[in-house]
Amino acid sequence: MSTMAGVRRSTGFVRFKEERCTGCAACLRICPTKAIRIRHQKSIRIVDQCIGCGACIRACPAGAVSAATIGLDGIRSDHVAIALVSPVLYAQFPGVMPGGVLLGLHRLGFHHTVDMSFFLEMFQYAAEEFIRRNRRSPGSPWPLISPICPVVVRLIAFQFPSLLPHVLPVLRPVALMAREVKKRIIPAHTSQGRPVGLYFINPCPTKAGARSDRRGTPPEPHEAAIGINDLFSELKRQVDQVLDSDMIPFSGSGFEFETCSSGNAALGAMSGGEIANMDIEKTLSVHGLQETVAYLHKIEMGLLKDFEYIEFRTCREGCLGGVLTAVDPYIAKRNVQKMVGVFGLGRRLPRDTILRLYEKGQFQPDQDPRMLTRLFGASRPAMSLEEARRVEAVLEDIEGRDCGACGSPDCRTFAEDVVRGHAALADCIWLHARKQEGKPTRFDRPTDDGRGEKS
Amino acid sequence: MSGLRKNFFIKARDFIHAGEASIRIQHLLKTMQFDPHLVRRIAVCSYEGEMNVVMHGGDGSLCMELDRDVLWLDISDEGPGIPDIELAMRPGYSTASDEQREMGFGAGMGLPNMKKNADDLTIESLPGKGTRVRMRFFLAEGG
């Protein structure tokens, strides 16, 4: 609807093919931030309310919604291509060790591959240290919340801003990884005039729009996200060839962090995997979108204070259940368990070294998460008391059933849309039915009109 | 212009739906974009108030009244009442059953938490008749 600010079919995280949308509304109610409306039989999105969870991609039966990632053909051929690999990728290949998968990526044309293992270990040491140091101060915001799932952090910024101080202020593993790459790999190429592209190989659409987290600053070097499902079949062909040729998978890269992998990192792809191998006693892991929202409500109401650290993942079973994965999450989970069996769970980085980096402030986030509240939901003006009263009045009058036929996800959101002038009261079929029966409503009186306009 | 008033019924022993009134109030305050810290204080108080009724109070109700510069929470129940209010306000004092403690409730922090988070709090209680807790929050500018 034209009066609604910042409404598009696509967002920074998802792409929308209008011709495929049947207006079935399967996406309407599952959006956790209520960013979706149906207008003129097509789904539209309030752009700055999209947090990149991917729920609408999963829900769409018509294939109209996809992630704003690039495929293999989107890799810039004149760039040195560096793949930053989520450990979820390894779990897609039963019986193949990470080295084989990384070698497959090299054969697909990536010049470097970077594994997450060291950076997850660094993050875990730093998180443990932060909690150890703050444990005795009751004024600290307990429980702390894992910063690893960016969808969770955006959800908090948008819907639970009072919980932003709970987000553990330690740089995420992927940020540590990108920093190391920029420090150790990229300069060697740029100094020789070769442009570099960073490609995040991801199980979820959350990275694609990450640039919109820092609106305005174009990423340097070139960055893009590739969904695991974007490259799976081609990578599988390469990996199968590696296996057939009886080669010992070794990609021959320069730095150890480019090739190594660990059971710890593989486990991190699973729900509960981040905390399972951390030296913190009072932890919890919660996965799934609805469960995450429910637990954030609990924390906001003052519960769960006895816990020190909570790992949230909005995808079922954790990152293995990401919407851009290729393999069933339960099969992938089994693969992870097998990898843990082979590698064990030991860490390989010395704690002392990491603590020295911690002392130097190397793990401090470069961005205050409170900044995100200005990016998500910024287009919504605050409701006045008078408007809030009208919302309640509309709700009482329509006595609806959250059917969604009006094109808003539920009656309350519809009432808010009506009061804000973004929807017409006449779109409510319940109200319409009662009018047909001849029952008057308060909105028949012109003074209390819902101000809705029909576009 | 009058304020906004909302009434929520609270059912005794209904642990599944406990907290819903609090979530509705939070949603309202968030759409009005009140200061997150203030929203949180009100969330804690409405939730603790709701839980007190669910655990001890028999059926009851939570009434929220929002005006320009003040928000009231008025929670009343038809429960057994509180014989010694001073004792009930003491942190850690609880009359919760073992079963309720096993469910993770009954730490004896309900009323002290409400007192800490509300700008002021009054309790009236008649043993055998019920309890009424009124809390007031002063709203900052904006919203």
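What counts as what
Residues numbered from 1 in each chain as written. Chains lettered and ligands numbered in written order. Predicted model: local features only at pLDDT ≥ 70, side-chain atom pairs only at ≥ 80, totals over all residues. Helix = DSSP H or I, 4+ residues; strand = E, 2+ residues; numbered from the N terminus. Buried ≥ 20, exposed ≤ 12 C-beta atoms within 10 Å, placed from the backbone. Contact = placed C-beta atoms within 7 Å. pLDDT = per-residue confidence, 0-100. Nonpolar A, V, L, I, M, F, W, Y, C, P; charged D, E, K, R; others polar. Core = buried A, V, L, I, M, F, W, Y, C linked by C-beta atoms within 7 Å. Pairing = 2+ DSSP bridges. Expected span 1.5 Å × (residues − 1). Arc of directions from axis to C-beta.

### Here's the deal with the environment of Pro61 of chain A
Residue and element names in this part refer to chain A. By the element assignment, Pro61 lies in the loop between helix H1 (55-59) and strand S5 (65-67). Here Pro61 falls in the exposed class, since 9 other C-beta atoms lie within 10 Å of it. Distance in space between the C-alpha atoms of Pro61 and Ala388 is 36 Å, their sequence separation being 327 residues. The contacts of Pro61, once residues within four sequence positions are left out, are Cys24 and Ala26.

### Concerning unusual backbone geometry
Note the cis peptide between Trp142 of chain A and Pro143 of chain A, where omega equals -5°. Phi is positive for Arg13 of chain B, close to 65°, though the residue is something other than glycine. On the secondary structure map, Arg13 of chain B appears in the loop between strand S1 (4-10) and helix H1 (20-31). Note on Arg13 of chain B: 11 C-beta atoms within 10 Å, which makes it exposed.

### Let's talk about the confidence of the model for chain B
Confidence along chain B averages 91 in pLDDT terms, with 97% of residues attaining 70 or more. In the predicted assembly, ipTM is 0.90 and pTM is 0.91.

### Examining the interface of chain B and chain A
Reports often express the size of an interface as the amount of accessible area lost when the parts come together. Every contact between the two is made by 23 residues of chain B and, on the other side, 14 residues of chain A. If you list the elements that add at least two residues to the side of chain B that touches chain A, you get S1, H1 and helix H2 (36-57) of chain B. Ranked by residues supplied to the side of chain B that touches chain A, first place goes to H2 of chain B with 7 residues. Split into classes, the residues belonging to the side of chain B that touches chain A amount to 11 nonpolar, 9 polar and 3 charged.

### Things to note about the nonpolar core
Counting 114 residues, the largest nonpolar core has Ile82, Ala83 and Leu84 of chain A as the members making the most contacts within it. Among the elements that make up this core, the one with the highest residue count is helix H3 (residues 117-134) of chain A (9 residues). Discounting chain neighbours no more than four positions away, the residues touching Leu84 of chain A are Val114, Met177, Ala178, Val181, Leu198, Tyr199, Phe200 and Ile201 of chain A. Of all hydrophobic cores here, the second largest spans 47 residues; its members include Phe414 of chain A together with Ile42, Leu73 and Phe137 of chain B.

### Some details on the sheet that holds strand S12 (residues 309-313) of chain A
Residues and elements named next belong to chain A. The 3 strands lie next to each other as S8-S12-S11, forming an open sheet whose pairing is parallel. At either margin of the open sheet sits one strand with a lone partner, and together these are strand S8 (144-145) and strand S11 (283-287). Across 2 bridges, S8 lies against S12 in parallel orientation. Paired with Ile145 across the strands is Ile310, a residue of S12.

### Remarks on helix H11 (residues 329-343) of chain A
All names here are of chain A. With 15 residues, H11 ought to run about 21 Å at 1.5 Å a step, and its terminal C-alpha atoms sit 21 Å apart, in line with that. Among the residues of H11, Pro329, Ala332, Lys333, Asn335, Val336 and Met339 are the ones counted as buried. Relative to the axis of H11, the buried residues are bounded by an arc of 160° and lie together on one face. Seen from the open side of H11, the exposed residues pointing more than 90 degrees away from its buried face are Tyr330, Ile331, Gly341 and Val342. Packing partners of the buried residues in H11 comprise helix H8 (263-268).

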